[in-house]
Amino acid sequence: MKRKDQAAIIKQMSDQEVTLQLILTQLIILSMSIIGSVILFESFWDGWIQQFNLNMNQWIWFGILPGLMVLLIDYVLMYSLPERMYDDGGINVKVFQNRSIQGIIGITFLVAFSEEMLFRGVLHTEFGYITASLLFAVMHSRYLTKIVLFISVLFVSFFIGYMFEITGSLIVTITAHFIIDLVLAFWIRFGKWGGLNE
């Protein structure tokens, strides 16, 4: 499907329909991570327990601070470049523009949790850093025709993957991913794009 066709379909869909599609996609990703871990892990529970370790220093230095660093880079780019270079076809605006604070928190946490479970928890653990990071970037196919968005998601994927490589902690990567998505969603809801009617 061409990007213009996708954008036209998104415009025809209601906010609720786009949100439902996003949630279903995330539940599929979460299911894939569970199925993948059953098949690939030597021990299902031990495999997950080892990855959900919490070290406060690591959580701050490799979870919170990297998330804030990515946001700083994103904000510099978003305020320096034309808005069209950051347009994802209207999906993020449809999902977050009219959403409640609780809804934004819930959706961004689901996205961070499910994607990190699959891409870091299963794919990174079993197939390595580069494979998981590339697959994460390719999954965001709607960004492939937008060079700024694609480079951004590729950078974030490798950057968060590197945090997992250092710590082996999904709490760290889920935190970084959640901070990035949450703040950008609030930015869409209340900030620069909050007044758009797409």
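Residues numbered from 1 in each chain as written. Predicted model: local features only at pLDDT ≥ 70, side-chain atom pairs only at ≥ 80, totals over all residues. Heavy atoms only, no water.

Q: Help me understand helix 7 (residues 129-139), please; the structure alone is not making it clear to me.
A: Residues that lie three or four places apart on an α-helix share one face, since the helix turns once every 3.6 residues. Of the positions making up helix 7, those classed as buried are Ala-132, Ser-133, Phe-136 and Ala-137. Within helix 7, the buried residues cover an arc of 130° as seen down the axis, which keeps them to one side. Residues of helix 7 that are buried in the fold lie against helix 6 (101-127), helix 8 (147-167) and helix 9 (170-190). (Buried < 20%, exposed > 50% of the residue type's maximum accessible area, 1.4 Å probe, protein only. Helix = DSSP H or I, 4+ residues; strand = E, 2+ residues; numbered from the N terminus. Arc of directions from axis to C-beta. Contact = heavy atoms within 4.5 Å.)

Q: Looking at this structure, I do not really get a nonpolar patch on the surface. What am I missing?
A: On the surface, Ile-34, Ile-35, Val-38, Ile-39, Leu-40 and Phe-127 cluster together into a nonpolar patch covering about 580 Å² of accessible area. Residue contributions to the nonpolar patch peak at five residues, all from helix 2 (residues 15-40). Within the secondary structure layout, Phe-127 lies in helix 6. (Patch = residues over 30% accessible without salt bridge, like charges linked within 9 Å, V, L, I, M, F, W, Y side chains within 5 Å. Areas by Shrake-Rupley, 256 points an atom, 1.4 Å probe, with all protein chains shown as cover. Salt bridge = Lys/Arg side-chain N within 4 Å of Asp/Glu carboxyl O.)

Q: Looking at this structure, I do not really get the pattern of salt bridges. What am I missing?
A: Pairing of side chains with opposite charge becomes possible as their charged atoms draw close. Throughout the structure, instances matching the rule amount to one salt bridge. As a salt-bridge pair, Arg-120 and Glu-116 come within 2.8 Å of each other at their nearest N and O atoms. Placement of the pair is Arg-120 and Glu-116 together in helix 6, with a separation of four residues, close to one helical turn.

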